[in-house]
Amino acid sequence: MSSTGLQSTPTPGTAPVSALLLPGRSSYNGPTMTTHPNAIQANATQGTATPTHVHLETFGCQMNEYDSELVRALMQQNGFVFTSEQERADVILMNTCAIRENAHNKVYTHLSELKKIKRQRPLVVGVLGCMAQNLKDELTEIQPLVDVLAGPDSYRQLPMLIRTALRAQEDGLEAKGLAVDLSEYETYHDVVPDRRDGVNAWIAIMRGCDNFCSFCVVPYTRGRERSRDAEGIILEAHQIAAQGFKQITLLGQNVNSYRFDDWDFARLIRAVADVPGIERVRFTSPHPKDFPLPLLEAVVSHPHICKQIHLPLQSGSDRILGLMNRGYTISEYRALVDRIRSLRSDIVLSTDIICGFAGERDEDFEATYRLIEEVRFHSAFIFKYSERKHTIAARKFPDDVSEAVKTARVTRLFDLQRTIAYARNREYLHATLPVLVEGDAKRSAAQGMGKSDGNITVIWDKQAVPSHPGALLSLAIYDASSTTLYATLPPAP
Ligand code: SF4
């Protein structure tokens, strides 16, 4: 047990064996399979006879979307069949997020709905991901309908846990399958994700985080930071290109601390961007505290690395940044923005802001407001602070900003950011931009939708601009809102 409370596994590349299959609630204390006198024997080879249909829903971030691709791959290898129809499913899995209140609430709402279904027919319910890791006691006690819990490092055990839960259900027993140990080694490097057709493919280049920002639950739910081997990532990028994907997004909680042997992130992203057939490479998220110059130079100069950087600010107050344990000051953040823009003025910057963090006074918020006015991000994800269980902030800092004040601050920042984004997007009027086609616009199948290099949504009339997903078009911008650019074909030369 490390000082952070994370458990390590003895074998590199192997998920910890920690499944507990007990009637009712259980807790786990050791690294080997534990069998209760009344337990169902866990054995991956002893499955139910007929194919089992699984419905998987994903809540939260891109890393969770990627993890769902891993889960589908691991389950399919073990004979499970996925269905998009909840009504057909023998097993319903939710891949959850513990970072945002919103995703958390959606999971609880969905669990209440599943309770009703489970009263009417046999059903195994599983909760995966960060909530399973962080709220295991709550989920097993308050929600007795949950049969299987698997944290982000335990997906290899899912097929076995689900089979066992299915057999328990057939035998009229109540059993909980629990696999929530954290690993210092698991990167799923050998699992090829089951990717849906599309233009973009994600590759998680690392898992976990060592930064321990005081508001964040990730170090507790996803464990310590570990990087995947570079050669495996590059090989996967070649496979992705061969499958027809045009864009790769490299994922990690803190991508610029990627390290594997003598590979750092700047070298890795260049190698991925060199893969023939890949038009665009994006990455998320880098940490402002360690943004090396070679990485900036790669972004600025490589034709296939998008000119867009997501740079999470969180607060414009040094005092709050200190409480958040972010590891940078406002003057350092400002210097980084200046450096980026001095290297390339057209780089699109986006950010994350938390409003109403514990102890945030009016003057702290005003400092954030002023910094957003000054930096003029193209977009910002603005959240109200919501305390997450087991974080440093939950243990040390009272959540003392009232809901009304948080709402007022978020509203002011939204309004400010909308005005800035509108002005920023209108700077593209009459410009011709490369646009990667993703498909139809959400609002109308008569419109096409794609992304600019800076990741801004672009919409066009399909009659005027024939397009297909994956095409890289050159489009002229004739109108812009705070969220969208409107485009057509450029005039003939
Ligand atoms: S860098 Fe901070 S906010 Fe990001 S995942 Fe790590 S602890 Fe969480």
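Residues numbered from 1 in each chain as written. Predicted model: local features only at pLDDT ≥ 70, side-chain atom pairs only at ≥ 80, totals over all residues.

Draft legend 1. Representation of the overall build of the protein in the model. A count of helices and strands for the protein gives 14 helices and 22 strands. Restricting to contacts in the protein with at least 6 residues of sequence separation, those with at least 24 account for 73%. (Helix = DSSP H or I, 4+ residues; strand = E, 2+ residues; numbered from the N terminus. Contact = placed C-beta atoms within 7 Å.)

Draft legend 2. Broad picture of helix H9 (residues 293–301). For H9, the complete set of buried residues consists of Leu-295, Leu-296 and Val-299. In a view along the axis of H9, the buried residues occupy a sector of 100 degrees, so they form one face of it. Of the exposed residues in H9, those oriented more than 90 degrees away from the buried face are Leu-293 and Ser-301. Those residues of H9 hidden inside the fold are in contact with helix H8 (265–273), strand E15 (308–310) and helix H11 (330–343). (Buried ≥ 20, exposed ≤ 12 C-beta atoms within 10 Å, placed from the backbone. Arc of directions from axis to C-beta.)

Draft legend 3. Representation of the sheet that holds E15 within the structure. Taken in spatial order, the three strands line up as E15-E16-E17 in an open sheet, and their pairing is parallel. Across the chains shown, the open sheet's two edge strands, defined by having one partner strand only, are E15 and strand E17 (379–384). The mean angle between the axes of side-by-side strands here comes to 10 degrees, regardless of whether they run parallel or antiparallel. Pairing between strand E16 (residues 348–355) and E17: six bridges, direction parallel. Paired with Asp-352 across the bridge in E17 is Phe-381. (Pairing = 2+ DSSP bridges. Axes fitted to C-alpha atoms, helices over the stretch in contact; angles between N-to-C directions.)

Draft legend 4. Examining the sheet that holds strand E20 (residues 457–461) more closely. Judged by pairing direction, the barrel is mixed, and its five strands sit side by side in the order E18-E19-E20-E22-E21 before closing back on the first. Neighbouring strand axes in the sheet, compared pairwise and without regard to direction, differ in orientation by 55 degrees on average.

Draft legend 5. Quick peek at the site of the ligand. In the neighbourhood of the ligand, the contacting residues comprise Cys-209, Asn-211, Phe-212, Cys-213, Cys-216, Val-218, Pro-219, Gln-253, Asn-254 and His-287. Here the residues of the shell around the ligand are counted per class, giving six nonpolar, four polar and no charged. (Near = placed C-beta within 6 Å. Nonpolar A, V, L, I, M, F, W, Y, C, P; charged D, E, K, R; others polar.)

Draft legend 6. Here's a closer look at the nonpolar core. Membership of the largest hydrophobic core comes to 106 residues, with the highest contact counts inside it found for Ile-203, Ile-205 and Leu-250. Per-element tally for this core: the top contributor is helix H5 (residues 158–170), with seven residues. The two domains that each donate at least three residues to this core are domain 1 (20–179) and domain 2 (200–426). Beyond its immediate stretch of four places on either side in the chain, Ile-205 contacts Ser-227, Arg-228, Ile-233, Leu-250, Leu-251, Gly-252, Val-255, Tyr-258 and Leu-268. If you look at the next biggest cluster of nonpolar residues, it comprises 16 residues, including Leu-433, Val-435, Ile-459 and Trp-460. (Core = buried A, V, L, I, M, F, W, Y, C linked by C-beta atoms within 7 Å. Domains from an automatic or database assignment.)

Draft legend 7. Representation of the pairing of E20. When strand E19 (residues 447–452) meets E20, the two strands line up antiparallel, connected through five bridges. By the bridge assignment, Met-449 is partnered in E20 with Ile-459. Between E19 and E20, which follow one another and run antiparallel, lie four residues, and Asn-455 among them has a positive phi close to 75 degrees. Alignment of E20 against strand E22 (residues 484–488), held across four bridges, turns out to be parallel. Counted as the bridge partner of Trp-460 is Ala-487 from E22.

Draft legend 8. The pairing of strand E5 (residues 124–129), seen in detail. Burial analysis of E5 places six of its six residues in the buried class, the great majority of the element. Pairing geometry for strand E4 (residues 91–96) and E5, over six bridges, is parallel. In the strand pairing of E5, Val-91 is matched with Val-124. Bridge count for E5 against strand E6 (residues 148–150) is three bridges, and the pairing is parallel. Bridging across to E6, Gly-126 finds its partner in Val-148.

Draft legend 9. Geometry of the confidence of the model for the protein. Looking at the protein, the pLDDT average stands at 88 and 89% of residues meet or exceed 70. Below a pLDDT of 50 lies the segment residues 1–48, which in the model reaches 91 contacts outside its immediate sequence neighbourhood of four places, other chains included. (pLDDT = per-residue confidence, 0-100.)

Draft legend 10. Representation of helix H14 (residues 403–426) within the structure. For H14, spanning 24 residues, the distance from its first C-alpha to its last is 34 Å, which sits close to the expected 34 Å at 1.5 Å a residue. Of the residues making up H14, those classed as buried are Lys-406, Arg-409, Gln-417, Ala-421, Arg-424 and Asn-425. Against E16, helix H12 (362–375), E17, strand E21 (472–480) and E22 lie the buried residues of H14. (Expected span 1.5 Å × (residues − 1).)

Draft legend 11. Inspection of unusual backbone geometry at higher detail. For the bond running from Thr-284 to Ser-285, omega is -5 degrees, close enough to zero to count as cis. Note on placement: Ser-285 falls in the loop between strand E14 (280–284) and H9. Of note in this structure, Asn-325 is not a glycine but carries a positive phi near 60 degrees. We classify Asn-325 as partly exposed; it has 14 C-beta atoms within 10 Å. Although it is not a glycine, His-430 sits at a positive phi angle of roughly 75 degrees. Within the secondary structure, His-430 sits in the loop between H14 and strand E18 (432–440).

Draft legend 12. Expanded view of the packing of helix H7 (residues 230–242) against H8. At a closest axis distance of 9 Å, the pairing of H7 and H8 adopts a crossing angle of 25 degrees. As the angle between them shows, H7 and H8 are arranged roughly parallel. H8 is crossed by H7, and the crossing has right-handed handedness. Contacts between H7 and H8 involve Ala-230, Ile-233, Ile-234 and Ala-237 from the former and Leu-268, Ala-271 and Val-272 from the latter. Across the contact of H7 with H8, the residue classes break down as seven nonpolar, no polar and no charged. (Parallel < 35°, antiparallel > 145°, perpendicular 65-115°, else oblique. Left-handed = near helix turned anticlockwise from the far one by under 90°.)

Draft legend 13. View of the environment of Gln-77. If you trace the backbone, Gln-77 turns up in helix H1 (residues 62–77). Taking the C-alpha atoms as reference points, Gln-77 and Pro-159, separated by 82 residues in sequence, lie 9.2 Å from one another.

Draft legend 14. Main features of the environment of Ile-353. As for its placement among the helices and strands, Ile-353 is situated in strand E16. For Ile-353, a count of 23 C-beta atoms within 10 Å puts it in the buried group. As a C-alpha pair, Ile-353 and Ser-315 span 38 residues in sequence and 6.0 Å in three-dimensional space. Filtering out sequence-adjacent residues up to four positions away, Ile-353 remains in contact with Leu-313, Gln-314, Thr-368, Ala-380, Ile-382 and Leu-413.

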